Amino acid sequence: VPNDVIVKSDHRVLGRVGEKIFLTGECPSWGACPLYQTDATATGTFKIADLPKGTDQSFFEGHAASGRFVFPREDGSIWVTDGSTAGTVELVAGGGSYAANPTSEGASVSFETPNSVVVTDGTQSGTHVHGVGGHANVVALPGQGFFASVWEQGKVYLISGGALTDLEPNRSVK
């Protein structure tokens with residue numbers, strides 16, 4: 001195995017889709033950040049792409065969505081890969097802040113940002129950024145979508161099929 005694909009201490013496992021494991025290598029100060037895929041064999045370990053360095057070199061845990069691997073970077077950008085160079089693209093441009101806490105439901109995955117919830121099925125057309133005006137805590141509702149609570153505003157939302165529905169909570173005690 002060439003030295004640039006050996007898992008080193010500065011490599012970070014991001015997650016997996018089926019038998020494919022995705023990891024990142026060291027982001028040198030002068031260049032791009034490498035993204036690797038492995039099936040835990042020497043012949044099945046290779047670099048997929050060099051991603052632009054951006055404002056920060058960090059990657060966060062990702063999740064599977066429709067057979068693709070979706071992962072955020074610390075600059076707030078969200079990327080997807082199908083395991084090929086051509087199939088590794090940015091879905092949501094970074095806004096200078098983080099996208100984290102991936103939550104899977106069905107074929108989709110959501111990410112929390114400081115003022116929005118991003119839900120994607122791993123495609124450009126199936127990616128939706130929902131402005132919620134504050135930090136949301138998101139949980140999956142199997143078969144329905146995602147439930148998001150924005151505590152700063154006392155708001156709760158259902159995110160399903162690309163739509164954001166405000167579920168004004170009943171403030172009475174039963």
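Refer to the structure above for everything that follows.
Calculation notes
- Residues numbered from 1 in each chain as written.
- Predicted model: local features only at pLDDT ≥ 70, side-chain atom pairs only at ≥ 80, totals over all residues.
- Heavy atoms only, no water.
- Pairing = 2+ DSSP bridges.
- Helix = DSSP H or I, 4+ residues; strand = E, 2+ residues; numbered from the N terminus.
- Axes fitted to C-alpha atoms, helices over the stretch in contact; angles between N-to-C directions.
- Salt bridge = Lys/Arg side-chain N within 4 Å of Asp/Glu carboxyl O.
- Buried < 20%, exposed > 50% of the residue type's maximum accessible area, 1.4 Å probe, protein only.

## Comments concerning the sheet that holds strand β10 (residues 108–112)
- Ordered by their spatial adjacency, four strands build an open sheet running β9-β10-β11-β12, and the pairing between neighbours is antiparallel. At either margin of the open sheet sits one strand with a lone partner, and together these are β9 (100–105) and β12 (127–131). Put simply, the sheet's adjacent strands are angled 20° from each other on average, direction ignored.

## A few points about the pattern of salt bridges
- Applying the stated criterion to the full structure yields two salt bridges.
- Across the pair Asp166 and Lys155 runs a salt bridge whose closest N-O atoms are separated by 2.8 Å. Placement of Asp166 in strand β16 (residues 163–166) and of Lys155 in strand β15 (residues 155–160) is noted, with a sequence separation of eleven residues between them.
- For Lys155, a relative accessible area of 23% corresponds to the partly exposed category.

## Notes on the sheet that holds strand β8 (residues 89–92)
- Strands sit in the order β5-β6-β7-β8 across an open sheet of four strands; the sheet is antiparallel. In the strand order of this sheet, the two ends are held by β5 (63–65) and β8, each with one partner. Ignoring which end each strand starts from, the neighbouring axes of this sheet average 35° apart.
- Here three bridges tie strand β7 (residues 78–81) to β8, and the two strands are oriented antiparallel to one another. Residue pairing across strands places Trp79 opposite Glu90, the latter belonging to β8.

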